Amino acid sequence: MNQMPQAIKHLQEAMRNDPDNKTYRTEIKKWRALEAQKEAGNAAFKAGNLQEAITEWTACLEVDPSNRPFNAKLYANRGTAYSKLRRHQEAVDDCTRAIDLDPMYLKAYNRRAESLRCLDGEPNEMKVHLQGALRDYEKAMELDSEENQRDYKTKMRTVQTEIKRVGRKDFYKILGVSKDATDDEIKKAYKKGALRLHPDRMANKPEAEREAATAKFKELNEANEVLLDREKRQLYDSGVEPEDLDNPHAGRSHGGGMGGMDHDDLMRMFMHQQAGMGGMGGSPFGRGGGGGGFHFG
């Protein structure tokens, strides 16, 4: 998008050389309209006026449907605004449009993956959403730099855990909130559910209904306790089972072991160490061999 002023400048130079060319004049007018509309959307987004930003970018998309690179960025930006409004299906749809226009668009793959993880639905639908998020992270990993690879691996392990959890106890579903819910949203959802299921309100209900409400009330309290505890929520999101959240050793295996490195990281380091030894003898894990020791950390 930053190339737009330069494009307008080139068109103006072309028009000076050929002042009677109406095509140049039309193109300059169109590009100026695009620039103004885009900047209005950017300003609204930065000010936190997300719906206004969406409106401006939507209008901008109508100016030149044939401009694929420009429109891909507009769709991705609008998708980001939708995601901040928790309108995740619309965010997914816009990121898909951006990727259709630019299959190498890293930001769109990451944004779509995050929103796919927040979509709700029946167990089979949720699995489809999460499998899509996993594919997006895999693609983003291909496109991104080496320094970000470990972060993608962590995200992919988390999504694989979420897939396994589908259909099992889900604290977010128990409270009726999305996975990116804020503390205030969790507190509000808990209060609403607690008022509905509180034992005092069930006193005159049939025994079976009271027992069911008591069980749900217990789950509601458990979900609220975990999701409002930052450390426990992080562990739960990383794949630690609810019954293990108070275990001081829980979650250590989710970092990949050996200081957070997984098998691929270790193998790369090992191969690099082997190459650095130049074929000389000695163990890569010892002090001899002329290539230096192999150290973790």
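Structure first, text after, so check above.
How each quantity is defined
- Counting from 1, residues in each chain are numbered in the order their sequence is written.
- This being a predicted model, a pLDDT of at least 70 is required before a residue's local features are given, and a value of 80 or more before pairs of side-chain atoms are given or counted; all residues contribute to the totals for chains, interfaces and linings.
- For side-chain calculations, the full set of non-hydrogen atoms in the structure is used, while hydrogens and water are omitted.
- Comment: elements are numbered from the N terminus, with helices defined as DSSP H or I runs of at least four residues and strands as E runs of at least two.
- Note on definitions: a residue-residue contact is assigned when non-hydrogen atoms from the two residues lie within 4.5 Å.
- With axes taken as lines fitted to C-alpha atoms, and helix axes fitted only over the stretch in contact, angles between N-to-C directions fall between 0 and 180 degrees.
- For classification, angles of less than 35 degrees are called roughly parallel, those exceeding 145 degrees roughly antiparallel, those between 65 and 115 degrees roughly perpendicular, and all remaining angles oblique.
- Two helices that cross are described as forming a left-handed crossing if the nearer one is turned anticlockwise from the farther one by less than a right angle, and a right-handed crossing if clockwise.
- For this scheme, ten residues count as nonpolar: Ala, Val, Leu, Ile, Met, Phe, Trp, Tyr, Cys and Pro. Four count as charged, namely Asp, Glu, Lys and Arg, and the remainder, Gly too, count as polar.
- Paired rings are identified among Phe, Tyr and Trp, the last through its six-membered ring, by centres lying within 6.5 Å, and are further divided according to the angle between planes into stacked (under 30 degrees), edge-to-face (over 60) and tilted (the rest).
- Relative accessible area decides the class of each residue, using a 1.4 Å probe on protein chains only: under 20% of the type maximum gives buried, over 50% gives exposed, and in between gives partly exposed.
- Any Lys NZ or Arg CZ that is within 6 Å of a ring centre and within 35 degrees of that ring's normal is treated as a charge sitting over the ring.
- Only buried residues count toward a nonpolar core, which is a set of Ala, Val, Leu, Ile, Met, Phe, Trp, Tyr and Cys residues joined through side-chain atoms within 4.5 Å.
- To estimate how far a helix should reach, multiply one less than its number of residues by 1.5 Å.
- By salt bridge we mean one thing: a side-chain nitrogen of Lys or Arg within 4 Å of a carboxyl oxygen of Asp or Glu.

Chemist: Describe the side chain of Thr 158, naming the residues involved and giving the relevant values.
Modeler: With respect to the helices and strands, Thr 158 occurs in helix α8 (residues 149-165). Each residue touching Thr 158, except ones within four places of it in the same chain, is listed here: Arg 117, Asp 237 and Ser 238.

Chemist: So what about the packing of helix α10 (residues 183-197) against helix α11 (residues 207-227)? Which residues, and what values?
Modeler: Following both chains from N to C, one finds α10 and α11 inclined at 165°, their axes separated by 10 Å at the closest point. Judged by the angle between their axes, α10 and α11 are roughly antiparallel. As α10 packs across α11, the resulting crossing turns out to be left-handed. Between α10 and α11, the contacting residues are Asp 183, Ile 186, Tyr 190, Gly 193, Ala 194 and Leu 197 on the first element and Ala 213, Lys 216, Phe 217, Leu 220, Asn 221, Asn 224 and Leu 227 on the second. Broken down by class, the residue content of the contact of α10 with α11 amounts to eight nonpolar, three polar and two charged.

Chemist: Pulling in residues and values, what's your account of the packing of aromatic side chains?
Modeler: Considering all chains together, one arrives at three aromatic pairs under this definition. For the pair Phe 45 and Trp 57, a centre-to-centre distance of 5.8 Å together with 40° between the ring planes defines the contact as tilted. Placement of the pair is Phe 45 in helix α2 (residues 22-46) and Trp 57 in helix α3 (residues 50-61), with a sequence separation of twelve residues. Exposure remark for Phe 45: the relative accessible area of 24% places this residue in the partly exposed category. Each member of the aromatic cluster is reached from another via a ring pair, and the members are Phe 171, Tyr 172 and Tyr 236. It is Arg 165 that lies over the ring of Tyr 236; its NZ or CZ is 4.0 Å from the centre.

Chemist: So what's going on with the nonpolar core? Which residues, and what values?
Modeler: Soluble globular proteins tend to bury their nonpolar side chains together. Grouped together as the largest cluster of nonpolar side chains are 36 residues, with contacts concentrated most on Leu 74, Ala 98, Tyr 105, Tyr 137 and Val 159. Sorting the residues of this core by element identifies α2, α3, α4 (68-84), α5 (88-101), α6 (106-118), α7 (123-143) and α8 as the ones contributing at least two each. Counting 21 residues, the second-largest nonpolar core is a separate cluster that includes Ile 186, Ala 194, Leu 197 and Val 226.

Chemist: Tell me about α11, and name the residues and values.
Modeler: Over its 21 residues, α11 extends 30 Å from the first C-alpha to the last, a length consistent with the 30 Å expected when each residue adds 1.5 Å. Ala 213, Phe 217, Leu 220, Ala 223, Asn 224, Val 226 and Leu 227 are the residues of α11 that are buried. In this structure, the buried residues of α11 make contact with α9 (171-175), α10 and α12 (230-238).

Chemist: Quick one: what's the story with the pattern of salt bridges, residue by residue and with numbers?
Modeler: Oppositely charged side chains are able to pair whenever their charged atoms sit close together. On inspection of all chains with the given rule, the structure shows 18 salt bridges. Put simply, Asp 136 and Arg 112 hold a salt bridge, and the shortest N to O gap is 2.7 Å. On the criterion of sequence distance, the pair formed by Asp 136 in helix α7 and Arg 112 in helix α6 is long-range, its members being 24 residues apart. Lys 169 serves as the salt-bridge partner of Glu 222, at 3.1 Å between the closest nitrogen and oxygen. Here the residue Glu 222 occupies a position in helix α11, and Lys 169 occupies one in the loop between α8 and α9, the gap between them amounting to 53 residues. You can call Glu 222 partly exposed: its relative accessible area is 26%.

Scope: geometric values only; no functional claims are made or implied.
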